[in-house]
Amino acid sequence: MSSVFRSRAARITLSNLSPGPNSQHAQKRLGRGQGSGRGGTSGRGHKGQKARAGNGKPKAGFEGGQTPITKRFPKKGFVNPNRKVYAPINLDRIQHWIDQGRLQSSPENPITARELLLSGCIHNVHDGVKLLGDNASFLKAPIHITPSRASQSAIKAVESIGGSVFCQYYNPLALRDCVKSREDRTSAAPTRRTDILWYTNWRNRGYLSPEAIEKNPKAEERWKELSKQLLSFKDQTFDTKGLKKL
């Protein structure tokens, strides 16, 4: 009889684990005498910038002592700390997405940054979505959308065929909650003067304008109080007679 022997793979345990072949190398021992091959100058050679302690490498941009190029060119302009970058979306692209069945809207469920991002209509929400009116002639279906900003041509084109546009303010946290569909936190209200004036103006279809609160079916009760508080400055009067005497 011929016996057949089958080799079984050893079970991997902590006792038989070992590093892979040639994956470990002995550390170079510098400055241990001339017989070691790396004594004396430890492989750095004699003198010079690269032989000094502290690595001997200059910082990035160092040009040997001459004035570096970063200082030879003058400064120009500035970086606005309050700038906002909006993700543009045109009406023809929205119509194309509707034709493919990738977007739907209604007055109770308008298109927001979440729907645009998940459908692939935009690839990044940045600081919000801005609706633009390019190629408005291709828009055939009435859409209901809630962007951060909208151009006047886009507003006119959408409302001319029975749609609606209500621009809503989003700070970074509120925009993240909108994208992730979180409703357990209260969204922030605009605090900067420019934002307050923009979102309380019906011409911009701001969601805090009295006209928008009446027409928007998604308007919250909190928005009514915010609108009154933010627009109260229009009814305030100031005593200028006392200031003239001073």
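Quick notes on the rules
Residues numbered from 1 in each chain as written. Predicted model: local features only at pLDDT ≥ 70, side-chain atom pairs only at ≥ 80, totals over all residues. Heavy atoms only, no water. Helix = DSSP H or I, 4+ residues; strand = E, 2+ residues; numbered from the N terminus. Rg over C-alpha atoms; globule rule 2.2 N^0.38 Å. Buried < 20%, exposed > 50% of the residue type's maximum accessible area, 1.4 Å probe, protein only. Contact = heavy atoms within 4.5 Å. Lys, Arg positive; Asp, Glu negative; His and termini not counted. Charge placed at Lys NZ, Arg CZ, Asp CG, Glu CD. Phe/Tyr/Trp six-rings, centres within 6.5 Å; stacked < 30°, edge-to-face > 60°. Lys NZ or Arg CZ within 6 Å of the ring centre and 35° of its normal. Pairing = 2+ DSSP bridges. Axes fitted to C-alpha atoms, helices over the stretch in contact; angles between N-to-C directions. Salt bridge = Lys/Arg side-chain N within 4 Å of Asp/Glu carboxyl O. Arc of directions from axis to C-beta. Core = buried A, V, L, I, M, F, W, Y, C linked by side-chain atoms within 4.5 Å. 1 Å grid on protein atoms, 1.4 Å probe; cavity = no way out; pocket = protein on both sides within 12 Å on 5 of 7 lines; lining within 4 Å. Points joined across faces, edges and corners; volume = space filled by probe spheres on them. Nonpolar A, V, L, I, M, F, W, Y, C, P; charged D, E, K, R; others polar.

**Some thoughts on the overall build of the chain**
Phase 1 of the analysis: Helix and strand content of the chain: 9 helices and 5 strands.
Phase 2 of the analysis: Written out in order from the N terminus, the α and β elements of the chain read α-β-α-α-β-β-β-α-β-α-α-α-α-α.
Phase 3 of the analysis: By the compact-globule yardstick of 18 Å for 246 residues, the chain is too spread out, its C-alpha radius of gyration being 33 Å.
Phase 4 of the analysis: Projected onto its principal axes, the C-alpha positions of the chain cover 95 × 90 × 40 Å.
Phase 5 of the analysis: Put simply, the chain has 246 residues, and 29% of those count as buried.
Phase 6 of the analysis: Excluding contacts between residues fewer than 6 apart, the proportion of contacts in the chain whose partners are at least 24 apart in sequence is 49%.
Phase 7 of the analysis: Computed over 43 positive and 19 negative side-chain charges, the separation of the two mean positions in the chain equals 21 Å.

**Here we look at the packing of aromatic side chains**
Phase 1 of the analysis: All chains considered together, the criterion is met by 4 aromatic pairs.
Phase 2 of the analysis: Aromatic pair Y199 and Y207: ring centres 6.0 Å apart, planes at 75 degrees, arrangement edge-to-face.
Phase 3 of the analysis: For Y199, a relative accessible area of 2% gives the class buried.
Phase 4 of the analysis: Taken together through their ring pairs, the aromatic side chains of Y169, W198, Y199, Y207 and W223 make up a single cluster.
Phase 5 of the analysis: Here the guanidinium or amino end of R205 rests over the ring plane of W202, the centre of that ring lying 4.2 Å away.

**A look at the sheet that holds strand β4 (residues 149-150)**
Phase 1 of the analysis: One open sheet accounts for 3 strands, arranged β1-β2-β4; its pairing is parallel. The open sheet has two edge strands, β1 (87-90) and β4, and neither has a second partner.
Phase 2 of the analysis: Here β1 pairs with strand β2 (residues 129-132) via 4 bridges, running parallel. Residue pairing across strands places I89 opposite L131, the latter belonging to β2.
Phase 3 of the analysis: The sheet strands contacting helix α2 (residues 91-99) are β1 and β2, and the helix crosses β1 at an angle near 70 degrees.

**Things to note about the pattern of salt bridges**
Phase 1 of the analysis: Across all of its chains, the model carries 6 salt bridges by this definition.
Phase 2 of the analysis: One salt bridge connects R205 with E159, and the closest N-O pair in it is separated by 2.7 Å. Remark: E159 occurs in helix α4 (residues 152-160) and R205 occurs in the loop between α6 (193-199) and α7 (210-215); sequence separation between them is 46 residues.
Phase 3 of the analysis: Under the relative-accessibility criterion, R205 is labelled buried at 12%.
Phase 4 of the analysis: Among the ionic pairs, R182 bridges to D184, the shortest N-O distance being 2.7 Å.

**Considerations on α2**
Phase 1 of the analysis: Restricting attention to buried positions, one finds in α2 the residues L91, I94, Q95 and W97. The buried residues of α2 occupy one face: seen down the axis, they fall within an arc of 160 degrees.
Phase 2 of the analysis: On its buried face, α2 is in contact with β1, β2, β3 (144-145) and α4.
Phase 3 of the analysis: Once α2 finishes, G101 follows within two positions and takes phi at roughly 80 degrees, a positive value.

**Description of the nonpolar core**
Phase 1 of the analysis: Judged by nonpolar contacts, the single largest core of 39 residues is most densely connected at L131 and V165.
Phase 2 of the analysis: Where this core is concerned, the elements lending two or more residues are β1, α2, α3 (113-118), β2, α4, α5 (172-179), α6 and α8 (221-230).
Phase 3 of the analysis: In contact with V165, not counting residues within four places along its chain, are L131, I145, P147, A150, I155, V158 and R205.

**Observations concerning the layout of surface pockets**
Phase 1 of the analysis: Put simply, the largest pocket is a space of about 880 Å³.
Phase 2 of the analysis: Considering the residues around the largest pocket, the lining is formed by 36 residues, among which T112, Q168, Y170, E183 and K218 are closest to the centre.
Phase 3 of the analysis: Sorting the residues of the lining of the largest pocket by element identifies α3, β3, α5 and α8 as the ones contributing at least two each.
Phase 4 of the analysis: The biggest single contributor to the lining of the largest pocket is α5, with 4 residues.
Phase 5 of the analysis: Taken together, the residues that form the lining of the largest pocket break down as 11 nonpolar, 14 polar and 11 charged.
Phase 6 of the analysis: When its volume is computed, the second largest pocket comes out at roughly 210 Å³.
Phase 7 of the analysis: If you go around the second largest pocket, the residues you meet are P81, N82, R83, K84, Y86, R149, Y169, T191, R192, T194, D195 and W198.
Phase 8 of the analysis: Of the residues contributing to the lining of the second largest pocket, the split by class is 4 nonpolar, 3 polar and 5 charged.

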